[in-house]
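Structural features, examined
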Amino acid sequence: MRHVAEKSSWTSAQENPLTRAIDGFNRGFDKMTGGYVSLLKLIVSRRFVTFAILIGFCVGIVFVNKILPAGFIPNEDQSTIYAIIQTPPGSTLEKTNEVSRRLQKICEEVPGIESVSSLAGYEIMTEGRGSNAGTCLINLKPWGDRDKNVKEIMEELEGKTRGLGAVVEFFEPPAIPGFGTSGGFSMRLLDKTTDTDYREFDKINKEFMENLGKRKELTGLFTFFAANYPQYELEIDNNLAMQKGVSIGKAMDNLNIMIGSTYEQGFIKYNQFFKVYVQSDPSFRRLPSDLLKLFVKNDAGEMVPYSAFMRLKKGQGPNEITRFNLYNSAAIQGLPAKGYTTADAIQAIREVAAKTLPRGYDIAFEGLSYDESIRGNESLYVFLIVLAFVYMVLAAQYESFIIPLAVVFSLPVGIFGSFLLLKLMGLENNIYAQIGLIMLVGLLGKNAVLIVEFAVQKRQQGETILNAAIEGARVRFRPILMTSFAFVAGLIPLISASGAGAIGNRTIGASAMGGMLFGTIFGVIIIPDCTTYLAVWPMAGR
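Calculation rules
Residues numbered from 1 in each chain as written. Predicted model: local features only at pLDDT ≥ 70, side-chain atom pairs only at ≥ 80, totals over all residues. Heavy atoms only, no water. Salt bridge = Lys/Arg side-chain N within 4 Å of Asp/Glu carboxyl O. Buried < 20%, exposed > 50% of the residue type's maximum accessible area, 1.4 Å probe, protein only. Helix = DSSP H or I, 4+ residues; strand = E, 2+ residues; numbered from the N terminus. Patch = residues over 30% accessible without salt bridge, like charges linked within 9 Å, V, L, I, M, F, W, Y side chains within 5 Å. Areas by Shrake-Rupley, 256 points an atom, 1.4 Å probe, with all protein chains shown as cover. Lys, Arg positive; Asp, Glu negative; His and termini not counted. Charge placed at Lys NZ, Arg CZ, Asp CG, Glu CD. Pairing = 2+ DSSP bridges. Axes fitted to C-alpha atoms, helices over the stretch in contact; angles between N-to-C directions. Contact = heavy atoms within 4.5 Å.

To continue, consider the pattern of salt bridges. Counted under the stated rule, the structure contains twelve salt bridges. Ionic pairing is found between Lys-148 and Glu-156, a salt bridge with its closest N-O pair at 2.9 Å. For Lys-148, a relative accessible area of 38% gives the class partly exposed. Exposure remark for Glu-156: the relative accessible area of 18% places this residue in the buried category. We note a salt bridge from Glu-235 to Lys-313, for which the minimum N-O separation is 3.8 Å. With Glu-235 in strand E7 (residues 229-236) and Lys-313 in strand E12 (residues 310-317), the pair connects residues that are 78 residues apart, well separated along the chain.

Here's what the structure looks like:
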């Protein structure tokens, strides 16, 4: 009876679908392992095949790196858009406000936009102030409530806002809050001449903007600098002012208080603090000619009209003068065109500046663009430092400077796979991708260590060099695939991410997944051969 019960239990286990599936998988994997060992026996004994594969991947890295767009920190969908309005110079604040209201109405009718706030007289990009400046802050609906991302909505708005009678450009917030005023690039055109002619500077700035507009890498170019704003120039006759006993400095301070304002003091009433500002009544400063009707005290305490020593002269000039690094400057904003990165845009700007700017004029980047423009090969240096650190740790572990080279030679395959998948997914080689590459040093190094460690042990037990390398690869084949593909499966949510931080998640996921796939599939073939000639060979004489 007992024998019959055991047989029945064994039969039921055999009929279990899960057991049959596991047994079938094991048989299939054993068959694949046998094929893998046969392939190794063909390759390991042919040194030129392995090194040809390594050289091929190194050449592939150079090629893919040339066509892979470079970047710094990508702009994420932050559900916010800045619309910058610039009406013609001399436009009234009422005209600018009318344009901003029309723009606000257009934006509110676009699906995916939740709210719009408009502001006339100020633009947040270059912090420009004037009657012809305006800003609209556009807030988008949450990612789950809209079908389009921020770039698609910006493209739709650009098409619908043509013909408003003003320059309207759309920008995203900066990738790092507080680091600059917007996404894209920010720069300054600098006048380094000793005596600035603002009309000439305006001419050069317009020509520079026109040349930038011809580059396919750039779009959304925008500047608020112009030298044709209607102005009144105050001409003061110093001799007449001295005859009247008027101090020019006191006259200007007095005019600044009456036309502008000044804070004098405050007082508390009804448990609240009230500030007191001194300023001329609006009825006395409605027209430019009203300036000449104002009075200032002379040295004798007498009231002297400004018309006695000052006159008004119509003219044109810049709305405001800004300096950058002590030089007169014009702020320029822009975006990389579709299919290009900020690194491509910065390079294009440098080329245009070198070819077209006359002597005495230069460019300078600011905000996040400055950090990107001065970035050199820091990521390469960091990668080499990490690689050297791993090499020295393994050298200490194995007490050999040769054995760790088998681990190092497994990395080019993974780097190629990382770059290739980034290119195929339309992503760029930015800071997130470089973090993924540093991760690969440990992940792929782990696979190589598994094979090298076991191969060295087998060689110490008396196995031949060839058999030790093949046996190490065979025994570690399953653990390597199991851990590697489990890691790859965990990256699937990253490369399919959407919403907040999607670009960063997809980039670091693609960088790690591409490197892990290629590094695992080709690494299990390359590492045993490298082990044969670099790791196990020093043990031959022992």
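And the narrative resumes.
Attention now goes to a negative patch on the surface. On the surface, Asp-195, Asp-197, Glu-200, Glu-207 and Glu-210 cluster together into a negatively charged patch. Along the polypeptide, Glu-200 turns up in helix H6 (residues 198-213).

What follows is about unusual backbone geometry. Positive phi, normally seen in glycine, also occurs at Tyr-270, with a value near 55°. Within the element layout of this structure, Tyr-270 appears in the loop between strand E8 (262-269) and strand E9 (272-278). Its identity is not glycine, yet Asn-271 carries a phi of approximately 65°, on the positive side. Among the structural elements, Asn-271 can be located in the loop between E8 and E9.

Moving on: the sheet that holds strand E4 (residues 167-171). Strand order in the open sheet made by the four strands is E2-E3-E1-E4, with antiparallel pairing throughout. Each edge of the open sheet carries a strand with a single partner, namely strand E2 (113-123) and E4. Between one strand axis and the next, the sheet turns by 20° as a mean value, whatever way the strands run. In the sheet, strand E1 (residues 80-86) pairs with E4 via five bridges, with the strands oriented antiparallel. In the sheet register, Tyr-82 faces E4, and the bridge partner there is Phe-171. Along the sheet face, helix H4 (residues 93-108) touches E1, E2, strand E3 (128-140) and E4 and points at about 165° away from the line of E2. Relative to E1, helix H5 (residues 150-160) is tilted by about 25°, and along the sheet it contacts E1, E2, E3 and E4.

Without other data, these values stay purely geometric and don't point to any function.
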